[in-house]
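Each chain is listed here by its residues.
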Amino acid sequence: MKRFLAATAVAATLGFSGAANAQEDLSITLLPGLTTDAFYITMNVGAQAAAEDLGIEVNFQGPEEWDPVLQTPVLDAVIGRAPDALLIAPTDAVQMIEPLRRAHEAGIPVITVDTFIDDGLYQTGSGDGDFPISYIASDNLLGGRMAARAMADKIGGSGKVYIASNRPGISTTDQREEGFKAEMAENFPDVEVLETQFNENDASLAASQFQAVFARNSDVAGVFGANLFSALGAANGVAGAGAQDDIVVVAFDAPPSITENISDGAIDIAIAQHPAEIGYYGVMTAYAHLTGQSVPTKIGTGFTTITADNVSDEDIAKFIYSE
């Protein structure tokens, strides 16, 4: 399997000289937001690559739907098995604080990946949720700004656009929305950002919401789908309205369902995260901590912009998520 990051480069980034403290009998659990999403499947590919490089075990377990009510009992079961460290994508910034505190109090080091709890600022000595060791993710504020810039360029710097998102309280999509709005306000004053539409991760609802927005604003120029189902639903809504030539759809994330829509013209642009890097860094960070190394409290990973012009390029293929 092609390595997404060289082990030595990651070790250097973490200040990790693990050979002297090598420990191969460690077990780490990766608990994603949901197990059926290509983003987290790809994150696990990176995590397993790191596990292979280190000669340790990484278990992948989580709910099938994005819901703190469903994630919490899985977390409790993981705590009961007492892994050496826990990598988790919390499904709510507030609701998952106390469940994760139970892991912390049980002596399990917690690292959040992709999403965070509280304000995402860890090891500060303040805040209800500052106890995780590290937060490893894309810079979602920057990702939102990238989506805004791509949107503004595509629509010619003026017009009405809106954000389709999952629901409030999810750290990643909240930050993408924040970054998108900030970029438009600061640099594209002729772009009007309409009210955000929340769809509870339901693509059919996202499509219906587009139809409602379009009925009220026939001159809407673009939609930013801040997560997978928001983007797919918005694209379906635009196609249903016969408006693919007039309305720009920008997606966040790049599973095959998104890139196929780019190839077909239903989606114009995707901002791809690098989830394999997140998984790889997550395991390496946990291992470094467990073997006595100091680790950063925050590690950022990058983005790649995918369009119809490059979606078939070999260099871009490595950033399309696994399924």
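Caption draft 1: Spatial organisation of the overall build of the protein chain. Scanning the protein chain for helices and strands turns up 11 helices and 13 strands. On C-alpha atoms alone, the protein chain measures out to a radius of gyration of 20 Å, which is about the 20 Å that the 2.2 N^0.38 rule sets for 323 residues. Its C-alpha atoms give the protein chain principal-axis dimensions of about 60 × 40 × 35 Å. Summed over its atoms, the accessible surface of the protein chain is roughly 12800 Å², and 47% of this surface lies on carbon and sulfur atoms. On the protein chain, the mean spot of the 15 positive side-chain charges and the mean spot of the 44 negative ones are 3 Å from each other.

Caption draft 2: Quick look at the pattern of salt bridges. Summed over the entire model, instances satisfying the criterion amount to eight salt bridges. Between Lys-160 and Asp-219 there is a salt bridge, with its nearest N and O atoms 3.4 Å apart. One end of the pair, Lys-160, is in strand β6 (residues 159-165); the other, Asp-219, is in the loop between α7 (203-216) and β9 (220-225), and 59 residues separate them in sequence. By sharing partners, the salt bridges in this structure join Arg-145, Arg-149, Glu-183 and Glu-186 into a single network.

Caption draft 3: Representation of the environment of Ala-239 in the model. Its location among the elements puts Ala-239 in helix α8 (residues 228-240). Residues Ala-239 and Phe-252 lie 13 residues apart in sequence; the distance between their C-alpha atoms is 18 Å.

Caption draft 4: Just the pairing of strand β3 (residues 85-88), in detail. In β3, alternate side chains face the same way, and those of Ala-85 and Leu-87 on one face and Leu-86 and Ile-88 on the other are all buried. Two elements, strand β1 (residues 27-31) and β3, share four bridges in a ladder whose sense is parallel. Its bridge partner lying in β3, Thr-29 is registered against Leu-86. Bridging between β3 and strand β4 (residues 110-113) involves three bridges; their strand directions are parallel. Along β4, the bridge assignment pairs Leu-87 with Ile-111.

Caption draft 5: Local environment of the nonpolar core. With 62 residues, the main nonpolar core has Val-113, Ile-258 and Val-283 as its most contacted residues. With nine residues, helix α2 (residues 38-54) is the single largest residue contributor to this core. Ile-258 has contacts with Leu-228, Ala-231, Leu-232, Ala-251, Asp-253, Ile-267 and Ala-270, leaving out every residue within four places of it along the chain. Counting residues in hydrophobic clusters, the runner-up holds 21 residues, among them Met-146, Val-161, Val-191 and Val-248.

Caption draft 6: Representation of the pairing of β1 within the structure. Taking burial as the measure, the five residues of β1 include five buried ones, the bulk of the element. Neither face of β1 is open: one carries Ser-27, Thr-29 and Leu-31, the other Ile-28 and Leu-30, and all of them are buried. Examined bridge by bridge, β1 and strand β2 (residues 57-60) share four bridges and lie parallel to one another. Directly across from Leu-30, in β2, lies its bridge partner Phe-60. Regarding the hand of the β-α-β motif, the stretch spanning β1, α2 and β2 is right-handed.

Caption draft 7: Examining the packing of α2 against helix α10 (residues 275-290) more closely. Their axes nearest at 6 Å, the elements α2 and α10 cross at an angle of 40°. Taken together, the axes of α2 and α10 are oblique relative to one another. When you trace α2 past α10, the crossing you get is right-handed. Residue-level contacts link Phe-39, Thr-42, Met-43, Gly-46, Ala-47, Ala-49, Ala-50, Ala-51, Asp-53 and Leu-54 of α2 to Pro-275, Ala-276, Ile-278, Gly-279, Tyr-280, Val-283, Met-284 and Tyr-287 of α10. Its residues assigned to classes, the contact of α2 with α10 shows 14 nonpolar, three polar and one charged.

Caption draft 8: Quick peek at a negative patch on the surface. On the surface, Asp-309, Asp-313, Glu-314 and Asp-315 cluster together into a patch of negative charge. Tracing the chain through its elements places Asp-315 in helix α11 (residues 314-317).

Reading the values: the criteria
- Along every chain, residues carry numbers that run from 1 in the direction the sequence is written.
- Totals for whole chains, interfaces and linings use every residue, but because this is a predicted model, local features are given only for residues with pLDDT of at least 70 and side-chain atom pairs only at 80 or more, for both listing and counting.
- Side-chain calculation: all heavy atoms of the structure are included, whereas hydrogens and water are not.
- Only DSSP runs of H or I covering at least 4 residues are called helices, and only runs of E covering at least 2 are called strands; the numbering of each starts at the N terminus.
- For a compact globule the rule gives 2.2 Å times the number of residues to the power 0.38, and the radius of gyration it is set against comes from C-alpha atoms.
- Per-residue accessibility takes into account occlusion by the displayed protein chains alone, with areas from the Shrake-Rupley method and a 1.4 Å probe.
- Only four residue types enter the tally: Lys and Arg on the positive side, Asp and Glu on the negative side; His and the chain ends are excluded.
- Charge positions come from single atoms, namely NZ of Lys, CZ of Arg, CG of Asp or CD of Glu.
- The term salt bridge refers to a side-chain nitrogen of Lys or Arg lying within 4 Å of a carboxyl oxygen of Asp or Glu.
- Relative accessibility thresholds used throughout: buried, under 20% of the residue-type maximum; exposed, over 50%; partly exposed, between the two (1.4 Å probe, protein chains only).
- When DSSP locates at least two bridges between a pair of strands, those strands are taken to pair.
- The criterion is simple. A nonpolar core is a set of buried Ala, Val, Leu, Ile, Met, Phe, Trp, Tyr and Cys residues joined through side-chain atoms within 4.5 Å.
- Contact criterion: two residues are considered in contact whenever any of their non-hydrogen atoms come within 4.5 Å of each other.
- Classification remark: right-handed applies to a crossover when, strands pointing away from the viewer, the course from the first strand over the helix to the second runs clockwise.
- Orientation is described by axes fitted as lines to C-alpha atoms, over the contacting stretch for helices, and by angles from 0 to 180 degrees between their N-to-C directions.
- Any angle that falls under 35 degrees is termed roughly parallel, while one over 145 is termed roughly antiparallel, one within 65 to 115 roughly perpendicular, and all others oblique.
- By the definition used in this description, the sense in which the near helix is turned from the far one sets the handedness, with an anticlockwise turn below a right angle giving left-handed and a clockwise turn giving right-handed.
- Three categories are distinguished: nonpolar for Ala, Val, Leu, Ile, Met, Phe, Trp, Tyr, Cys and Pro, charged for Asp, Glu, Lys and Arg, and polar for the others, with Gly belonging to the last.
- The patches described consist of residues with a relative accessible area above 30% and no salt bridge, like charges being joined within 9 Å and nonpolar side chains (Val, Leu, Ile, Met, Phe, Trp, Tyr) within 5 Å.

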